[in-house]
Structure formats: C-alpha cells, structure tokens
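Below are the chains, spelled out letter by letter.
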Amino acid sequence: MIKTDVVIIGAGPTGLFCAHQLGIIGLKCEIVDNLDKIGGQCIELYPDKPIYDIPAVPECTGEELTNNLIEQIRPFNFNFHLSDRVQELKNENDKWIVKTLNGKEFETPNVVIAGGVGSFEPRKFPTKSTEKYDGKSVLYSIKDKTIFKDKSVVIFGGGDSALDWAIELSNSSKVTLVHRRDEFRGAPASVQKIKELSDNKTIDLITKYSIKDVKGNGSLESVEIKSESGESKVIKADYVLGFFGLIMQLGPIAEWGLNLDKKTIPVNTENFETNKKGIFAIGDICTYPGKLKLILSGFHEGALAARGCFKYARPDEKYRFEFTTASSTIKDRLGVKE
Amino acid sequence: MAKIKYIEFNGTEHEAEVANGLSVMEGAIQNDIPGIDADCGGGMSCATCHVYINDNEWLKKLPEKEMGEDDMLDQAYEPKSNSRLSCQLIVSDDLNGLTVHMPEKQV
Ligand SMILES: Cc1cc2nc3c(=O)[nH]c(=O)nc-3n(C[C@H](O)[C@H](O)[C@H](O)COP(=O)(O)OP(=O)(O)OC[C@H]3O[C@@H](n4cnc5c(N)ncnc54)[C@H](O)[C@@H]3O)c2cc1C
Ligand code: FES
C-alpha cells in the first residue's frame, strides 16, 4: 500500500501541471496513466502538431509541451505508474483506497481525476464472435512474437502497426493482411514493402474487405471476411490481429458513483471537487458552465484543485498563498539556489 | 443555415437547424442528438463522429474528404465507402436537406 497526499489519474497536460502545483505547495502525489508514456492526448494523438494557444508559448508541439511539463515537475521526483489503469475507488475511514488493474494500491485523502475523455484503449473488432478469443488468439497488441512462428496470422488494418507487423511476421508465419480500402495510411516505405511482399506472394494482401465472423471449435480456426457488395471469403487463421488505433473509453470512471453529464464530471469552480469529498476532476473530463476544453483551462483547474487537496492532506495547517518569485520555501522545494 | 436530419441506428429521426460555419457534428452535440460522441471535439483524431451518407446524390455533392479523413475513418466503428466524419462536414446553405445515418455505435 502506497500512502500519499494525492493520487492523480491521468498524465495528460492537466494532470502534469496539477502535480506541479501540488509540489509547489508541499504535497506529494503519485500519477497513474493507462498509456505507456506521459502526455495524454498531446503525445498520443498529436505529438508533432504545433499548438499556438499556450499562454506565453507562441508555438510548441504536443511532444515539446509534454517534455516541458515533465521538466517543470522534475524537482519533485513524483512517481509515475504507466501502463496501468485505475479501476476502483473506495472510501475507508475518510481515506480513499485506489486500486489499479495491475494490483497496485494507494491510500490517500485526495484523488484528482485528470482523465481526459477516458483511458486510451485499442479499438476492437465490431464482431461479437471475436470476444471469446480476445487475448488468446484475437489480439490487439503483441507482447511475444514467437507464438506466431509457423502459424497462420490474419492481420487487419492499414496503419503503421498493421503494416510493420505484417512485414515482421511474414518471415516466420503465413500472413494475410486485410484492409477496408486500397490506400494505406502507414509510412510510404512500409506500404512499398507490403506491395513487394504481396507481388512475390510472401503475404496475401486483401483490400476492400472487413471482418465478418470468426469460427473455431474451442480454438480459433478461421476468419470470414466480407466486401461491401456482400461477397465473403473464409481464411484459415490461428491468430487474428486487429490494429485500428486507440479510442478513449471512460471505462471504470463511470462506476465510481460520481455524478456524470454525458462523458464528463460536473464540478464546482471553486476547487473542482466533485459530488464526492476529496475527489476532484480537472481538464477535459470536468464540466461546469462555460467550460472550454483547452489545455490552458486545465492548468487553471489544476492549480485550484491542488489548493483544494491541501485542506484534506494537511487538516491542521493553514494554506498560505505565496509567489514562486518571492518564497524561499518554494525555492527550496524546487531545489533552486539563491 | 441548413436543416440537417440525423437518423439513429435504431431509426429514430432528429431534425436540427444548424447555423452556417458549424460542423454537422456540432449541430448534433448542441441539439443533444444522441449517436455522435465526438470525443476529440472536432480535432479529426477520434473517429467517434462517424456517420453514413446513404443517399448517393448527397455523397457526391458533399465537399471531398480532406487529407487524413479516410485515415481516421479506418479507425472508426464499421466504416464503409459512404462513411464520413461529421466534424469535417461544415454547414452552409448548400447542405440544407442533408440526411446522415449514425452507425450502431461509435466506440
Ligand atoms: C488533434 C488535437 C488538437 C488539439 N489542439 C489543441 C490546441 O491547439 N490547444 C489546446 O488548448 N488544446 C488542444 N487540444 C485539446 C487538448 O489536447 C486537451 O484539452 C488536453 O489534452 C486535455 O488534457 P487532460 O490532461 O485533461 O486529458 P488527456 O490529455 O486526455 O489525458 C488524460 C489521460 O488520462 C488517462 N486515463 C484516463 N482514465 C484513466 C484511468 N482510469 N486510469 C489510468 N489512466 C487513465 C488517459 O490514458 C490519458 O492519457 C487538441 C486535441 C486534439 C485531439
Ligand atoms: S470529432 Fe473526433 S474525429 Fe470528428
């Protein structure tokens, strides 16, 4: 059990800056994110796109913004728990017990939900029949590529993951690549390579088809694909892989008894607390009259939520407002020498 | 201003007057029409504002897809050749009378 002042759910820009504000006022926090990297939407959806509306930063990419936010909280040495999802929040003796998918447990008076539109999860096949094989022979990511040796593998998708795996696995497996149209969105060199492998019959390339059904008797045997005009084909398959990018799923957050308005959590604008004491929501996931889904709003919300956390983390102390330019305590926390 | 008809997967129809300059997606969100999630708020990076244009005439009449729309549609739920991202369809008087059909689900 890890004890801390605040657990932040989500390492997007909002969660990161909130951590900074917590560090400045002398609180400790632990940050959990489902992605394998820090930065939320900025790093997952648009690392190379320039952002033009961060105050006092005329232009920076999603990745640069993330790196600067990480740099800004470095002095505090906060722990990140990546590739892990917060599943459960439970109240025990006025403390929150936070449990993750990988079995980590935290005890804290405060939880800050900076979960964006939810956790990033792979988009799955629309076909119900695939569910039975999910995680066994129907896969959306690859941990151990040796399992495919000498097997028939059918890969769906047209982006880099689909193309790269088709190329890689074609060395030691029978690969079929299925995509819904003739154009691919992967890197041109990979597209070129796929065309070569298809021309010399190393892989089977089937376009303008999508999945219809999977069949098997205990273990997976084949996958049926369909074209829009209704033709279908059956392909032998030991494994079916789908690479359709990531979608954002509210997931467990919807089950914590918080008030919800569509996919967002209503908060008060004084300290961004939700309907539950000690649970705060900031950034894209919170809503209030006039809410703007912008990074700059998330920064403001994080600063106020951090002060809200102080009350529960240090019930016997009074929060003192201080400027970073003037306070020697803050400079100490930042490790700045005067 | 254009009158847009949104038809849910279960057949429920909604009609909305959408101001010029807004997207077909925003028309749905602002009028509380279910079936379009728009998780990325129109950033063309979520594919949860996916709709079908079933009428062939309309499909031809709509402005062509910009770079990236088809790439994003690859990641949508059950995309077809008449799929569009409603956040990329900007309303003008020309879109008056457009009907869009929603997929079974967005995520
Ligand atoms: C293409 C695009 C362009 C944009 N351009 C701009 C712009 O120019 N200016 C601007 O201000 N904004 C822009 N935005 C919006 C901006 O990116 C978001 O407002 C911002 O990322 C929200 O930050 P956040 O920290 O609240 O959430 P997010 O960045 O969404 O991060 C939330 C994180 O929480 C994680 N998470 C959720 N639930 C859990 C859980 N249960 N357990 C563990 N982790 C969880 C998710 O995996 C995710 O990493 C743009 C967005 C997109 C998509
Ligand atoms: S709203 Fe996200 S792609 Fe259209």
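What you see is a predicted model; the values in this text were computed from it and never measured. (Residues numbered from 1 in each chain as written. Chains lettered and ligands numbered in written order. Predicted model: local features only at pLDDT ≥ 70, side-chain atom pairs only at ≥ 80, totals over all residues. Heavy atoms only, no water.)

Chemist: Tell me about the overall build of chain B, and please be specific about residues and values.
Modeler: Along chain B, the regular secondary structure elements total three helices and five strands. If you line up chain B on its principal axes, its C-alpha atoms span 30 × 25 × 25 Å. By the burial criterion, 47% of the 107 residues in chain B qualify as buried. Sequence-distant contacts, at least 24 apart, represent 64% of the contacts inside chain B between residues at least 6 apart. Roughly 5000 Å² of accessible area belongs to chain B as shown, and the carbon and sulfur atoms make up 44% of that amount. Seen as two clouds, the 8 positive and the 20 negative side-chain charges of chain B have centres 6 Å apart. (Helix = DSSP H or I, 4+ residues; strand = E, 2+ residues; numbered from the N terminus. Buried < 20%, exposed > 50% of the residue type's maximum accessible area, 1.4 Å probe, protein only. Contact = heavy atoms within 4.5 Å. Areas by Shrake-Rupley, 256 points an atom, 1.4 Å probe, with all protein chains shown as cover. Lys, Arg positive; Asp, Glu negative; His and termini not counted. Charge placed at Lys NZ, Arg CZ, Asp CG, Glu CD.)

Chemist: Explain the interface of chain B and chain A residue by residue, including any values.
Modeler: Contacts between the two partners involve 22 residues from chain B and, on the opposite side, 19 residues from chain A. In total, chain B and chain A occlude about 1800 Å² of area from one another, counting both sides; carbon and sulfur atoms represent 40% of this. Inspection of the chain B/chain A interface yields nine salt bridges. Notably, a salt bridge pairs Asp32 of chain B with Lys262 of chain A, separated by 2.8 Å at the nearest N-O pair. Scanning the region where chain B abuts chain A turns up 13 residue pairs in polar contact (both at pLDDT 80 or more). The element best represented in the side of chain B that touches chain A is helix H3 (residues 69-73) of chain B, accounting for three residues. (Buried area = accessible area lost by both parts, 1.4 Å probe. Salt bridge = Lys/Arg side-chain N within 4 Å of Asp/Glu carboxyl O. Polar contact = N/O pair within 3.5 Å; in protein donor to acceptor, adjacent residues only side chain to side chain.)

Chemist: Would you mind going over the site of ligand 1 in detail, with residue names and values included?
Modeler: Around ligand 1, a shell composed of 34 residues is seen, among which Asp33, Gln41, Tyr46, Asp53 and Asp284 of chain A lie nearest. Residues lining ligand 1 come from chains A and B. Within the backbone of Pro13 of chain A, a nitrogen or oxygen atom sits 3.4 Å from an oxygen atom of ligand 1. Thr14 of chain A places a side-chain nitrogen or oxygen 3.1 Å from an oxygen atom of ligand 1. In isolation ligand 1 offers 1000 Å² of accessible surface; the protein chains occlude 93% of this area. Its residues assigned to classes, the shell around ligand 1 shows 14 nonpolar, 13 polar and seven charged. (Near = heavy atom within 4 Å. Nonpolar A, V, L, I, M, F, W, Y, C, P; charged D, E, K, R; others polar.)

Chemist: Describe the sheet that holds strand E7 (residues 86-92) of chain A, naming the residues involved and giving the relevant values.
Modeler: Paired through their backbone hydrogen bonds, the strands of a sheet run either parallel or antiparallel. Residue and element names in this part refer to chain A. One open sheet accounts for four strands, arranged E1-E9-E8-E7; its pairing is mixed. Looking at strand neighbours, the two that pair on one side only are strand E1 (2-3) and E7, the edges of this open sheet. The pairing of E1 with strand E9 (residues 105-108) spans two bridges and is parallel. Its bridge partner lying in E9, Lys3 is registered against Glu107. (Pairing = 2+ DSSP bridges.)

Chemist: Talk me through the sheet that holds strand E14 (residues 174-179) of chain A; I want residue IDs and the actual numbers.
Modeler: Residues and elements named next belong to chain A. Pairing is parallel in the open sheet, where five strands are placed in the order E12-E19-E13-E14-E15. Unpaired on one side and paired on the other, strand E12 (138-139) and strand E15 (203-207) mark the two borders of the sheet. Direction of pairing for E12 relative to strand E19 (residues 239-242): parallel, over a ladder of two bridges. Counterpart to Leu139 in the pairing with E19 is Leu241. Its contacts with the sheet place helix H4 (residues 160-169) against strand E13 (152-156), E14, E15 and E19, and it is angled at close to 165° to E13. Contacts between helix H5 (residues 188-199) and the sheet are confined to E14 and E15, with E15 contributing the most and set at about 110° to the helix. (Axes fitted to C-alpha atoms, helices over the stretch in contact; angles between N-to-C directions.)

Chemist: Talk me through the nonpolar core; I want residue IDs and the actual numbers.
Modeler: Grouped together as the largest cluster of nonpolar side chains are 59 residues, with contacts concentrated most on Ile8, Leu22 and Ile113 of chain A. Per element, the largest residue contribution to this core is eight residues, and it comes from helix H6 (residues 295-313) of chain A. Residues within four places of Ile113 of chain A in sequence aside, it is in contact with Ile9, Ile253, Trp256, Leu258, Ile265, Ile279, Phe280, Ala281, Ile282 and Ile285 of chain A. Counting 28 residues, the second largest nonpolar core, distinct from the first, contains Ala28, Val51, Trp58 and Ala76 of chain B. (Core = buried A, V, L, I, M, F, W, Y, C linked by side-chain atoms within 4.5 Å.)

Chemist: Quick one: what's the story with helix H3 (residues 62-73) of chain A, residue by residue and with numbers?
Modeler: All names here are of chain A. Given a rise of 1.5 Å per residue, 12 residues ought to cover 16 Å, and the 17 Å separating the end C-alpha atoms of H3 matches this to within 8%. All buried positions along H3 are accounted for by Gly62, Leu65, Thr66, Leu69, Ile70 and Ile73. Projected down its long axis, H3 carries its buried residues within an arc of 135°, all on one side. Residues of H3 that are buried sit in contact with helix H1 (13-24), helix H2 (40-44), strand E4 (50-51), strand E5 (60-61), strand E6 (79-81) and H6. (Expected span 1.5 Å × (residues − 1). Arc of directions from axis to C-beta.)

Chemist: Could you give an account of the packing of H1 of chain A against H3 of chain A, naming the residues involved and the relevant values?
Modeler: Residues and elements named next belong to chain A. Put simply, H1 and H3 touch, their axes get as near as 9 Å, and they point 20° apart. In this view, H1 runs roughly parallel relative to H3, as classed from their interaxial angle. Note on packing geometry: the crossing formed by H1 with H3 is left-handed. Where H1 approaches H3, its residues Pro13, Leu16, Phe17, Ala19 and His20 are matched on the opposing element by Leu65, Thr66, Leu69, Gln72 and Ile73. (Parallel < 35°, antiparallel > 145°, perpendicular 65-115°, else oblique. Left-handed = near helix turned anticlockwise from the far one by under 90°.)

Chemist: Can you tell me about the environment of Phe17 of chain A, naming the residues and giving the values?
Modeler: Residue and element names in this part refer to chain A. Looking at the secondary structure, you find Phe17 in helix H1. Looking at Phe17, the relative accessible area reads 15%, which means it is buried. In contact with Phe17, not counting residues within four places along its chain, are Leu69, Gln72 and Phe299.

Chemist: Any chance you could break down the environment of Gly245 of chain A for me, citing the residues and the numbers?
Modeler: One can find Gly245 of chain A in the loop between E19 and strand E20 (246-249). The spatial distance from the C-alpha of Gly245 of chain A to the C-alpha of Arg123 of chain A is 6.1 Å, given a sequence separation of 122 residues. The residues contacting Gly245 of chain A, other than those within four sequence positions of it, are Glu121, Pro122 and Arg123 of chain A together with Gln75 of chain B.

Chemist: Let's hear about the packing of aromatic side chains: which residues, and what values?
Modeler: All names here are of chain A. Scanning all chains against the criterion turns up 10 aromatic pairs over all chains. Ring centres of Phe125 and Phe156 lie 5.2 Å apart, and the angle between their planes is 80°; on these two criteria the pair is classed as edge-to-face. You can see Phe125 sitting in the loop between strand E11 (119-122) and E12 and its partner Phe156 sitting in strand E13, a full 31 residues away along the chain. The same class applies to Phe125 and to Phe156, which are both buried. Pairing Phe272 with Tyr288 gives two aromatic rings, centres 5.5 Å apart and planes at 70°, and the pair type is edge-to-face. Of this pair, Phe272 sits in the loop between strand E21 (265-266) and strand E22 (279-281) while Tyr288 sits in the loop between strand E23 (286-287) and H6, and the two are 16 residues apart along the sequence. (Phe/Tyr/Trp six-rings, centres within 6.5 Å; stacked < 30°, edge-to-face > 60°.)

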